[in-house]
Protein chains: 2
Amino acid sequence: MRDLTRDSRFLAINTATVRAQWDLRQAIEGVARAGIPGIAPWRDQLQAMGVAAAAKAIRAHGLAVTGLCRGGMFTGFDRAGLARALDDNRRAVDEAAALGAQCLVLVVGGLAPHSRDLAAARELVRDGIAALLPHARAAKMPLAIEPLHPMYAADRACINTLAQANDLCDALGPGLGVAIDVYHVWWDPDLEREIARAGAAGRLLAFHVCDWLVPTRDLLNDRGMMGDGVIDLRRIRGWVEAAGYAGFCEVEIFSAENWWRRPPEEVLATCIERYRSVC
Amino acid sequence: MRDLTRDSRFLAINTATVRAQWDLRQAIEGVARAGIPGIAPWRDQLQAMGVAAAAKAIRAHGLAVTGLCRGGMFTGFDRAGLARALDDNRRAVDEAAALGAQCLVLVVGGLAPHSRDLAAARELVRDGIAALLPHARAAKMPLAIEPLHPMYAADRACINTLAQANDLCDALGPGLGVAIDVYHVWWDPDLEREIARAGAAGRLLAFHVCDWLVPTRDLLNDRGMMGDGVIDLRRIRGWVEAAGYAGFCEVEIFSAENWWRRPPEEVLATCIERYRSVC
């Protein structure tokens, strides 16, 4: 396993971690100022700043873009809506390419409106990714399926285990991989095996860290800083690295009541400290 | 599939559904008065009423006891604590036998205190159930492992899929089965297969229903009434019955802000109506 204690060279910040405090320009400058070498923006903030301006600022600061958040959401539409969603996903691919991102993260979508049919939603996702892949391959932009915690199956993502994501990658072929966020998969009894499977296929595209708090007070916005919860971060990173991953550890924390209320410089300093001490 | 629309003969009420309004005596009388033939008590209310008195009242009303909630919690202890927990679990077996319950439901426990080692917790659970089984077999009281939703992995149960529960049953042998609660397993892509596996082994001991609300506002106490959420209840019941289950549908709803605030007679009437129309 890599020794992370001595510097921050594999640390990246997903801008969601400081999104309540900073717009994207501020985040780019703040992350660079903190000596953190990687960043992962969200599309709403990217569009507010402008893609060209963001790409220029990111290059000027020499930051790696570990991923663009996010494409996906293939299930929430009628047929016309699906066409619009695919157009928007192709734009997301182009934006990711303009930023030089390492991948476009896909949060695939939950149940279709007024539907209880999870199997059908999972088919919509497979078809949506299949439809997006040619454009992504042409742009040489890897798509990273992010399995989300089962508590988001209804409304955010019906791909809820790494096994499902691996199965989709097997079915749909090259240009597709996975983003592993410990928050979503830490509980999975098959995690080690499925990480090894993803690694053997060369599809480990991103690795996100935060922590699971006990108690968790909100399903969406109560993620913990690394070390403040119960996830065995080092064990999971060990599995990921044993499977061949040599990329960044991207910190992504949604925290309405805690970290989003603190000075962003303090948040980043804490990310650095915890990255070195507990990740 | 069975036709549930014409009567309530396979309906049971887990007393958690009306626990804010009624003690166990009131629940027994209220469930019987509503013409519901099954009940599943919790041990705290059982002990408050007294086991002999509860058994007598349940018999007097001719109610089936679809399960006793709950044994388990094998992980929260040091060695001396584990011995006490096992003693308490043996008492739970005896109480379930005194009530003529169809099973003792096991909520197995989450991470051990100050531990992040899920694999170790899962071993504690295996060892705890193994230690409890001889007493349960002697009492002819089936133990029903209830896999809990992954969002409870840290603090309530580290058995989070039906596959894990089936694996434990395979490993530990007779006297052990599973309780399937749709709330915990509805998202699982392997659910149909694992239900068939459990059924083929004769280990489907209980079937619990409620619904998953969108949005869910609380991780513990925001379960929905059947039909108010997104779970495809009839499809899952179809799988369970195709696997050989012919027992009760037990309604278990934790609902601090809604159903626990309503008159319990209204709650039971709604359970009957939804059981007939959507389950």
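These notes cover the structure that comes with them. Worth saying up front: this structure is predicted, and the values here are computed from it rather than measured. (Residues numbered from 1 in each chain as written. Chains lettered and ligands numbered in written order. Predicted model: local features only at pLDDT ≥ 70, side-chain atom pairs only at ≥ 80, totals over all residues. Heavy atoms only, no water.)

## Overview of the sheet that holds strand β9 (residues 249-251) of chain B
Residue and element names in this part refer to chain B.
Stage number 1. The strand order across the open sheet formed by 9 strands is β3-β2-β1-β9-β8-β7-β6-β5-β4, and the pairing between neighbours is parallel. If you trace the sheet from one side to the other, it starts and ends with β3 (64-65) and β4 (68-72), each paired once.
Stage number 2. Across the sheet, helix α5 (residues 118-138) is in contact with β5 (104-107), β6 (143-145) and β7 (176-181); its angle to β6 comes to roughly 150°. (Pairing = 2+ DSSP bridges. Helix = DSSP H or I, 4+ residues; strand = E, 2+ residues; numbered from the N terminus. Contact = heavy atoms within 4.5 Å. Axes fitted to C-alpha atoms, helices over the stretch in contact; angles between N-to-C directions.)

## Some thoughts on the relation of the copies chain A and chain B
Stage number 1. If you rotate chain A by 180° and push it 0.0 Å along the axis, it lands on chain B with an RMSD of 0.0 Å. Both copies of the chain, as the preceding transformation shows, are related through a two-fold rotation axis.
Stage number 2. The residues that chain A uses at the interface reappear at the interface of chain B in 100% of cases, marking a shared surface. (Least-squares fit on C-alpha atoms with pLDDT ≥ 70 in both.)

## Side note on the interface of chain A and chain B
Interface size, as often reported, equals the accessible area lost upon joining of the parts.
Stage number 1. Each side of the interface is counted separately: chain A has 30 residues, and chain B has 30 residues.
Stage number 2. Interface area for chain A against chain B, summed over the two sides, is near 2,400 Å², with a carbon-plus-sulfur share of 66%.
Stage number 3. Area buried by chain A at its contact with chain B is led by A:Arg116, A:Trp187 and A:Leu219, which between them contribute 25% of it.
Stage number 4. The tally of links from chain A across to chain B stands at 2 salt bridges.
Stage number 5. We note a salt bridge from B:Arg235 to A:Asp117, for which the minimum N-O separation is 3.2 Å. (Buried area = accessible area lost by both parts, 1.4 Å probe. Salt bridge = Lys/Arg side-chain N within 4 Å of Asp/Glu carboxyl O.)

## A closer look at the environment of B:Arg237
Stage number 1. Following the sequence through the fold, B:Arg237 ends up in helix α9 (residues 233-242).
Stage number 2. With residues near it in sequence (within four places) discarded, B:Arg237 still touches B:Met1, B:Arg2, B:Leu4, B:Phe207, B:Cys249 and B:Cys279.

## Some details on the packing of helix α5 (residues 118-138) of chain A against helix α6 (residues 162-172) of chain A
Residue and element names in this part refer to chain A.
Stage number 1. Contact pair α5 / α6: the axes reach a minimum separation of 11 Å and the direction vectors enclose 50°. Classified by the angle their axes make, α5 and α6 are oblique. Here α5 runs over α6; the crossing is right-handed. Contacts between α5 and α6 involve Arg 122, Val 125, Arg 126, Ile 129, Ala 130, Leu 133 and Arg 137 on the former and, on the latter, Gln 164, Leu 168 and Leu 172. (Parallel < 35°, antiparallel > 145°, perpendicular 65-115°, else oblique. Left-handed = near helix turned anticlockwise from the far one by under 90°.)

## Observations concerning the nonpolar core
Where a protein is soluble and globular, its nonpolar side chains tend to be buried together.
Stage number 1. Among the nonpolar cores identified, the biggest contains 185 residues, and A:Ile129, A:Trp186, B:Ile129 and B:Trp186 are the most heavily contacted of them.
Stage number 2. In contact with B:Trp186, not counting residues within four places along its chain, are A:Leu111, A:Leu118, A:Ala153, A:Ala154, B:Leu191, B:Trp212, B:Val230, B:Ile231 and B:Ile236. (Core = buried A, V, L, I, M, F, W, Y, C linked by side-chain atoms within 4.5 Å. Buried < 20%, exposed > 50% of the residue type's maximum accessible area, 1.4 Å probe, protein only.)

## A closer look at the pairing of strand β7 (residues 176-181) of chain A
All names here are of chain A.
Stage number 1. In terms of burial, β7 is a largely internal element, 6 of the 6 residues being buried.
Stage number 2. Pairing of strand β6 (residues 143-145) with β7 involves 3 bridges; the strand directions are parallel. Among the inter-strand pairings, Ala 144 is bridged to a residue of β7, identified as Gly 177.
Stage number 3. Crossover β6 to β7 through α6 is right-handed.
Stage number 4. In the sheet, β7 pairs with strand β8 (residues 204-209) via 4 bridges, with the strands oriented parallel. (Right-handed = clockwise from strand over helix to strand, strands pointing away.)

## Structural notes on helix α10 (residues 264-277) of chain B
All names here are of chain B.
Stage number 1. Relative to the 20 Å expected for 14 residues at 1.5 Å per residue, α10 spans 20 Å between its end C-alpha atoms, a close match to the ideal helical length.
Stage number 2. Buried residues of α10: Pro 264, Val 267, Leu 268, Thr 270, Cys 271, Ile 272, Arg 274 and Tyr 275, and no others.
Stage number 3. In this structure, the buried residues of α10 make contact with β1 (11-14), α1 (24-33) and β9. (Expected span 1.5 Å × (residues − 1).)

## So, the sheet that holds β8(A)
Stage number 1. The sheet built from 9 strands is open, its strands ordered β3-β2-β1-β9-β8-β7-β6-β5-β4 (chain A) with parallel pairing. The open sheet has two edge strands, β3 (64-65) and β4 (68-72) of chain A, and neither has a second partner.

## Considering the packing of aromatic side chains
Stage number 1. Applying the stated criterion across every chain yields a total of 11 aromatic pairs over all chains.
Stage number 2. Centre to centre, the rings of B:Phe254 and B:Trp260 are 6.3 Å apart; their planes meet at 45°, and the pair counts as tilted.
Stage number 3. Residue class for B:Phe254 comes out buried when judged on its relative accessible area of 11%.
Stage number 4. Owing to a relative accessible area of 17%, B:Trp260 belongs among the buried residues under this scheme.
Stage number 5. Here the aromatic residues A:Trp42, A:Phe254 and A:Trp260 are joined through ring pairs into a cluster of three or more.
Stage number 6. Note that A:Arg223 overlies the ring of A:Phe254, its terminal NZ or CZ placed 4.3 Å from the centroid.
Stage number 7. Above the ring of B:Phe10, the side-chain terminus of B:Arg2 is found at 4.2 Å from the ring centroid. (Phe/Tyr/Trp six-rings, centres within 6.5 Å; stacked < 30°, edge-to-face > 60°. Lys NZ or Arg CZ within 6 Å of the ring centre and 35° of its normal.)

## Here we look at the pattern of salt bridges
Pairs can form between side chains of opposite charge whenever their charged atoms are close.
Residue and element names in this part refer to chain B.
Stage number 1. On inspection of all chains with the given rule, the structure shows 50 salt bridges over all chains.
Stage number 2. For Asp 181, the salt bridge is made with Arg 223, and the minimal N-O distance between the two is 3.2 Å. Of this pair, Asp 181 sits in strand β7 while Arg 223 sits in the loop between β8 (204-209) and α9, and the two are 42 residues apart along the sequence. As far as burial versus exposure is concerned, Asp 181 and Arg 223 are alike and both buried.

## A word on the side chain of B:Arg43
All names here are of chain B.
Stage number 1. Topologically, Arg 43 is positioned in helix α2 (residues 43-49).
Stage number 2. In this structure the side chain of Arg 43 is engaged in a polar contact, spanning 2.8 Å, whose partner is the side chain of Glu 95.
Stage number 3. Dropping the residues within four chain positions of it, Arg 43 is found in contact with Leu 68, Cys 69, Arg 70, Asp 88, Arg 91, Ala 92 and Glu 95. (Polar contact = N/O pair within 3.5 Å; in protein donor to acceptor, adjacent residues only side chain to side chain.)

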